[in-house]
Amino acid sequence: MTIELGTSFQEEVNRFLQINQNAKPVPINHALELSYRLSQADPRHYENLERTGKDWSVRAYDIANYLSDNHDHWKGRIRFAEQAKGATMLNLSSVLNSLKPIITNDNFLIRGETDQNSIISSYWDAIGHIYPEALGDPQKYVVQKALGVTVFHRLLPTVLAHMVNKGMDPTKSSDYKAILDEPLNHLNDLNAEGDEVTGEEFWVSGSKGAAGGFSSEAGRRILLVRLQKALPRITA
C-alpha cells in the first residue's frame with residue numbers, strides 16, 4: 001500500500017490510472033471514464049493522450065454520449081461505467097474502439113463537432129430505415145452488438161469517400177440510404193443450418209443468421225471487404 005499526501009485530484013487520478021492500467025487493471029469502462037473526465041479537467045492529460053496517439057478516444061467518448069442521449073436507436077444501449085447490463089447491447093470500450101477508424105478519417109476530421117455528430121446519427125438513421133427490425137429488436141440481431149457495430153463503423157469512411165465523390169450530403173440519412181440500400185439488402189450467405197439468408201436476416205443472432213460466421217477479426221475483415229465491394233463504384 002502506498003500513501004501520498006498533498007497531491008491534487010488530477011494527480012491522484014493519473015496515478016490511479018497508471019497503477020491500474022499497468023498492474024492489476026480496473027474494468028476497462030471505469031478506466032475510460034476516468035481518463036475522459038481527467039482530459040476535461042487537466043490539459044496536461046489531454047496533451048499526454050495526444051503524444052501517445054490516444055486523443056481520438058476523447059472525441060469517441062463524446063460521440064458515444066451523444067448517441068446514447070439523442071439517438072432513438074442508441075438510447076440506453078451503450079453500457080457506461082457503473083451501469084448494469086440490463087437492456088444495453090455492448091460496453092463503452094467496444095463502441096469507442098469501433099469509432100476509431102471514423103474519428104481518424106480525413107473526411108470526418110475536417111468537419112466541426114455538430115456535423116460529426118450528424119454524420120454518425122444520420123448513418124445509423126439510414127441503417128435503421130434499411131434494417132428496421134434489427135434496430136427495433138436489437139437483442140435478436142447482431143447489428144448493434146460488437147460484430148455489427150465494428151463492421152458498420154469501419155465501413156463508414158468508405159461510404160464518406162463515395163459521398164464526397166458524388167457531392168452528396170453526409171449529414172442526410174436519405175443520402176446514406178441511397179448508397180447503402182442495395183449493398184445491405186443484397187448481403188447474403190448460408191447460415192449454420194445450411195439455409196441462405198439475405199439482407200436483414202443475415203444479421204439474425206445464432207444459427208438462423210449468417211453473421212455469426214464472421215465474428216473473428218479475420219471474419220470481420222472479410223465481411224467489411226464484401227460490403228465495400230458492393231458499394232457503388234467511384235467515378236472520375
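That block above? That's the structure.
## Structural notes on the overall build of the chain
Okay, step 1: Within the chain one finds 11 helices and four strands.
Okay, step 2: The buried share among the 236 residues of the chain stands at 43%.
Okay, step 3: Contacts in the chain between residues at least 24 apart in sequence constitute 58% of all its contacts with a sequence separation of at least 6.

## Concerning the layout of surface pockets
Okay, step 1: Considered as a void within the structure, the second largest pocket measures approximately 180 Å³ in volume.
Okay, step 2: Those elements that place two or more of their residues in the lining of the second largest pocket are α4 (56-70), α6 (106-109) and α7 (113-130).
Okay, step 3: Per-element accounting of the lining of the second largest pocket gives the leading share, four residues, to α4.
Okay, step 4: When grouped by side-chain class, the residues that make up the lining of the second largest pocket number six nonpolar, two polar and four charged.

## A look at the packing of aromatic side chains
For any pair of aromatic rings, the description rests on two quantities: the centre-to-centre distance and the angle between the ring planes.
Okay, step 1: The tally for this structure, following the rule as stated, stands at eight aromatic pairs.
Okay, step 2: Plain terms: the ring middles of tryptophan 124 and phenylalanine 152 are 5.9 Å apart, the flat faces sit at 65° to each other, and that makes the pair edge-to-face. In this pair, tryptophan 124 is assigned in helix α7 and phenylalanine 152 in helix α9 (residues 146-166), connecting sequence segments 28 residues apart.
Okay, step 3: Classification of tryptophan 124 by relative accessible area gives buried; the value is 0%.
Okay, step 4: Linked through ring pairs, Trp74, Tyr123, Trp124, Phe152, Tyr176, Phe202, Trp203 and Phe214 together constitute an aromatic cluster.

## Observations concerning the environment of leucine 49
Okay, step 1: Mapped onto the fold, leucine 49 is located in helix α3 (residues 43-51).
Okay, step 2: Once the C-alpha coordinates of leucine 49 and serine 39 are considered, the two residues, 10 residues apart in sequence, prove to be 8.3 Å apart.

Calculation criteria
Residues numbered from 1 in each chain as written. Predicted model: local features only at pLDDT ≥ 70, side-chain atom pairs only at ≥ 80, totals over all residues. Heavy atoms only, no water. Helix = DSSP H or I, 4+ residues; strand = E, 2+ residues; numbered from the N terminus. Buried < 20%, exposed > 50% of the residue type's maximum accessible area, 1.4 Å probe, protein only. Contact = heavy atoms within 4.5 Å. 1 Å grid on protein atoms, 1.4 Å probe; cavity = no way out; pocket = protein on both sides within 12 Å on 5 of 7 lines; lining within 4 Å. Points joined across faces, edges and corners; volume = space filled by probe spheres on them. Nonpolar A, V, L, I, M, F, W, Y, C, P; charged D, E, K, R; others polar. Phe/Tyr/Trp six-rings, centres within 6.5 Å; stacked < 30°, edge-to-face > 60°.

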